Amino acid sequence: MKFTHFFAIAILLALTCASLMVGVADFSLSDIFHADPHALSILTTSRLPRLLAIMLAGAGLSIAGLIMQQIVQNRFAAPSTTGTIDWAMFGYMVALVAFAKMSSWVHLLIIFAFSVFGTILFIHFLQRLKFKSTVMVPLIGIMYGNVVSSMTTFIAYKYDLVQSLNSWTVANFASVLRGNYEFLYIALPVAVLAYFYANKFSAASVGESFAKNIGLNYQRIIMIGVILVALLSSSVVMIVGMIPFLGLIVPNIVSLFIGDNMRRNLPWTAYVGVVLVLSCDILGRLIIFPYEIPISMIISLLGGAVFIYLILRDKSNA
Amino acid sequence: MRDPIKLFIIGAIAFIICALFLGKGLTIDNYQFFLSRRIPKVLAIILSAMAIASSSLIFQTVTNNRILTPSILGFDSLYVMIQVLLVAIFGGFSAVVIDSEMNFLLSTSIMTFCSMVLFHFYFKSRQRNIFTLLLIGVVLSSLFNSATGFFTMVIDPDEFTYIQDSMFASFNNINAELVYWCVVPLLLCFAYLIKLANKLDVMWLGIDNATSLGVDTQKLTMHIMFVITLMVSISTALIGPVLFLGLIVVALTRQLFRTYQHQFLLLASALVSIVMLAGGQWMVENLFNFNTTISVIINFLGGGYFLFLLMKHKFD
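Residues numbered from 1 in each chain as written. Chains lettered and ligands numbered in written order. Predicted model: local features only at pLDDT ≥ 70, side-chain atom pairs only at ≥ 80, totals over all residues. Heavy atoms only, no water.

1. Concerning the overall build of chain A
- A count of helices and strands for chain A gives 13 helices and zero strands.
- For chain A, the α and β elements follow one another from N to C terminus as α-α-α-α-α-α-α-α-α-α-α-α-α.
- At 20 Å, chain A has a C-alpha radius of gyration in line with the 20 Å of a compact globule built from 318 residues.
- Here the C-alpha coordinates of chain A stretch approximately 65 × 55 × 35 Å along the principal axes.
- Residues classed as buried in chain A amount to 54% of the 318 residues present.
- Taking as baseline every contact in chain A between residues at least 6 positions apart, the subset at least 24 positions apart corresponds to 76%.
- As displayed, chain A offers around 13900 Å² of accessible surface, 68% of which is attributable to carbon and sulfur atoms. (Helix = DSSP H or I, 4+ residues; strand = E, 2+ residues; numbered from the N terminus. Rg over C-alpha atoms; globule rule 2.2 N^0.38 Å. Buried < 20%, exposed > 50% of the residue type's maximum accessible area, 1.4 Å probe, protein only. Contact = heavy atoms within 4.5 Å. Areas by Shrake-Rupley, 256 points an atom, 1.4 Å probe, with all protein chains shown as cover.)

Following this line, the structure appears as structure tokens:
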């Protein structure tokens, strides 16, 4: 295990340095050590915030996926396959149309409210469904998300915001600067909370009767899970945009390697999420340098392929 | 009510809607200009409505279920992706992209090949669960969409304008030349399907039954898949991808008409489809004053209906 940890940290460090160094404005490490003011200002206003935003968003969404898996009791559940993200986007649209002048805290609150509502609606949906095959849940969830996003498009079309909508949905870290990404720090307390609740979520994932049997308040745990997921997803949707499939593939990849103990998986899930987003972001910056390819495109290509692999691999529904 | 009467009524409604499109505000002075703009549009709606309806119907027959349609399995996203790829490879100003006939021929033949591969991938193992198939289809079509997005980022913005039209469902900038060019192949496909109708009736009983009744199912499936690809290409080339239309139309047709005869169902579904598409577009133009688009309406209604279908398990 020691070696694995060392290796993991080395990869992360290498990617971090790469992420800080790749960009149109050129500076070298020695500039920073000599405290060159230009290099320092690039570092602190653009590169460092970007790196932090990537880390927070990657870890946050992956953890959200992990929690979602537990409370929906399905391996393919994630914010993007349960309508949470689409509701968050819908909320963002409503916030910008109806409460444009309010502060961004109000916007975040509205987005959060919408995503909690949408997720709970979906979970109720599922709880009433008698027959649940593994693939039914993501299938219904994706369709549900489509319906919600057609409502978003409807509003966007009405207010001539389709083009802006596209730029909000496409996740991109290029616009992250100091002062506009700080909402993402929500991920830190939420991750800690998720860690403390991990065992309860695991218990809930076994089933309602089991959770009640060992003396847990099942509905409350589900509610807490939904709130945590919604907090993570709404902050990411607001600041970065939609990163499809990330919350889905990362927990699955992690559980392929180290099993299903949620408390042990949680740090690794966060780690893999960070590494994945970081490497995709660097890739996106390099492919058509000096321009950038939005990260959501790279992640959705990769994520879609991994998702299909996971479905095919799942022999239970062959 | 008996089926032929219903069919007649729906046909009449379709005719009235098309006439409304063509005739609105027409006077002796302006008819030349108006008609020259409107005929391609109405024709495009009719052609693609027919193509979407019959391809979805026979797709369900061949795959023997009531919930899969080519667009849900990602066939029209595949077409759009091929279009973008052509621009990315050959450049936006090459003959392959600009010349609509050549573009259509080339992209359709690539599309045929790719969809054969896709079809094989979907249906090579017979016992695969239908929901698994559906989920793979949904994910795969979003994969194609992201690939499309990826290539549009990579290609030149000037070149992008050449493919923009084919990426969104739209009736307002229809390529008139392409419309006329599609009439003959589409009618041929339709006639061929009518000719195959008897075999399709047998096919609907299931592969095993059809085989024991003496239908060469493998050959029939190949032919049908070819026709489906052609029709998907035509409809996507004309009006762009419309995800749920085929599903709604076929389900509605089966609900309205109690028959299993494909000869009848093909015609009926085509008419229902024309009513839905033309009626929807008419509503967009006259009721919503262009405040929304047809694809939003179809996605909303169709998505809701699809969820309903999944919940009710009214299929299989």
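2. Details of the interface of chain B and chain A
- Tallying the contact residues gives 36 residues for chain B and 38 residues for chain A.
- Here chain B packs against chain A, burying approximately 3300 Å² in sum over the two surfaces, 85% of which is carbon and sulfur.
- Inspection of the chain B/chain A interface yields zero salt bridges.
- The interface formed by chain B and chain A holds one residue pair in polar contact (both at pLDDT 80 or more) in total. (Buried area = accessible area lost by both parts, 1.4 Å probe. Salt bridge = Lys/Arg side-chain N within 4 Å of Asp/Glu carboxyl O. Polar contact = N/O pair within 3.5 Å; in protein donor to acceptor, adjacent residues only side chain to side chain.)

3. Considerations on helix H3 (residues 75–90) of chain B
Residues and elements named next belong to chain B.
- Along its 16 residues, H3 runs 22 Å from first to last C-alpha, staying within 8% of the 22 Å computed at 1.5 Å per residue.
- Where burial is concerned, most of H3 is hidden: twelve out of the 16 residues are buried.
- Within H3, burial applies to Phe75, Asp76, Ser77, Leu78, Tyr79, Val80, Met81, Ile82, Gln83, Val84, Leu86 and Val87.
- Downstream of H3 by a residue or two, Gly91 has a phi angle that is positive, lying close to 90 degrees. (Expected span 1.5 Å × (residues − 1).)

4. Details of a nonpolar patch on the surface
- Taken together, A:Phe3, A:Phe6, A:Phe7 and A:Ile11 make up a surface patch of nonpolar side chains, about 470 Å² in accessible area.
- Its place among the elements puts A:Phe3 in helix H1 (residues 2–21). (Patch = residues over 30% accessible without salt bridge, like charges linked within 9 Å, V, L, I, M, F, W, Y side chains within 5 Å.)

5. Details of the packing of aromatic side chains
- Here the structure, examined in full by the defined rule, presents 17 aromatic pairs over all chains.
- When the centroid spacing of 4.7 Å and the interplanar angle of 80 degrees are considered together, the rings of A:Trp105 and A:Phe183 count as edge-to-face. Highlighted residues: A:Trp105 in helix H5 (residues 104–128) and A:Phe183 in the loop between helix H7 (162–169) and helix H8 (187–206), separated in sequence by 78 residues.
- The class for A:Trp105 is exposed, based on a relative accessible area of 59%.
- Joined through ring pairs, the aromatic side chains of A:Trp87, A:Phe90, A:Phe114 and A:Phe117 make up one cluster.
- Above the face of the A:Tyr195 ring, A:Arg263 is positioned so that its terminal group lies 5.2 Å from the ring centre.
- Taking the ring centre of B:Trp204 as reference, the NZ or CZ of B:Arg254 above it sits at 4.4 Å. (Phe/Tyr/Trp six-rings, centres within 6.5 Å; stacked < 30°, edge-to-face > 60°. Lys NZ or Arg CZ within 6 Å of the ring centre and 35° of its normal.)

6. Side note on the environment of B:Ile136
- Mapped onto the elements, B:Ile136 comes out in helix H6 (residues 130–154).
- Among the residues examined, B:Ile136 registers a relative accessible area of 0% and is labelled buried.
- Remark: the alpha-carbon pair of B:Ile136 and B:Ile72, spanning 64 residues in sequence, is separated by 9.9 Å.
- Apart from residues lying up to four places away in sequence, B:Ile136 is in contact with A:Ile308, A:Ile311, A:Leu312, B:Phe121 and B:Tyr122.

7. Topic: the pattern of salt bridges
All names here are of chain A.
- Here the structure, examined in full by the defined rule, presents six salt bridges over all chains.
- Measuring nitrogen to oxygen at the nearest pair gives 2.9 Å for the salt bridge that ties Glu208 to Lys212. In this pair, Glu208 and Lys212 are both assigned in helix H9 (residues 208–213), four residues apart and thus about one turn of the helix distant.
- Residue classification places Lys212 among the partly exposed residues on the basis of a relative accessible area of 48%.
- Between Asp281 and Arg285 there is a salt bridge, and its shortest N-O distance comes to 2.8 Å. Residue Asp281 and its partner Arg285 are located together in helix H12 (residues 262–287), separated by four residues, close to a single helical turn. Both residues of the pair, Asp281 and Arg285, count as buried.
- One continuous salt-bridge network, built from bridges that share partners, spans Arg50, Asp281, Arg285 and Glu292.

8. Re the packing of helix H12 (residues 262–286) of chain B against helix H13 (residues 294–312) of chain B
Residues and elements named next belong to chain B.
- Following both chains from N to C, one finds H12 and H13 inclined at 120 degrees, their axes separated by 9 Å at the closest point. Looking at the two axes, H12 sits oblique to H13. For the pair H12 and H13, the crossing hand works out as right-handed. In this structure, H12 uses Leu277, Gly280, Gln281 and Val284 to contact H13, whose residues at the interface are Ile294, Ile297 and Ile298.
- Residue classes in the contact of H12 with H13 are distributed as five nonpolar, two polar and no charged. (Axes fitted to C-alpha atoms, helices over the stretch in contact; angles between N-to-C directions. Parallel < 35°, antiparallel > 145°, perpendicular 65-115°, else oblique. Left-handed = near helix turned anticlockwise from the far one by under 90°. Nonpolar A, V, L, I, M, F, W, Y, C, P; charged D, E, K, R; others polar.)

9. Focus on the side chain of B:Thr61
Residues and elements named next belong to chain B.
- Here Thr61 shows up in helix H2 (residues 31–63).
- A distance of 2.8 Å separates a polar atom in the side chain of Thr61 from a polar atom in the side chain of His262.
- Apart from the residues within four sequence positions on either side, Thr61 is in contact with Leu200, Met203, Trp204 and His262.

10. Observations regarding the packing of helix H3 (residues 37–72) of chain A against helix H11 (residues 246–258) of chain A
All names here are of chain A.
- The N-to-C vectors of H3 and H11 enclose an angle of 75 degrees; their axes lie 7 Å apart at closest approach. Here H3 lies roughly perpendicular to H11, going by the angle between them. When H3 is examined against H11, the residues Gly58, Leu61, Ser62, Gly65, Leu66 and Gln69 are found in contact with a partner set consisting of Leu246, Gly247, Leu248, Val250, Pro251 and Asn252.
- Residues belonging to the contact of H3 with H11 are distributed by class as follows: six nonpolar, six polar and no charged.

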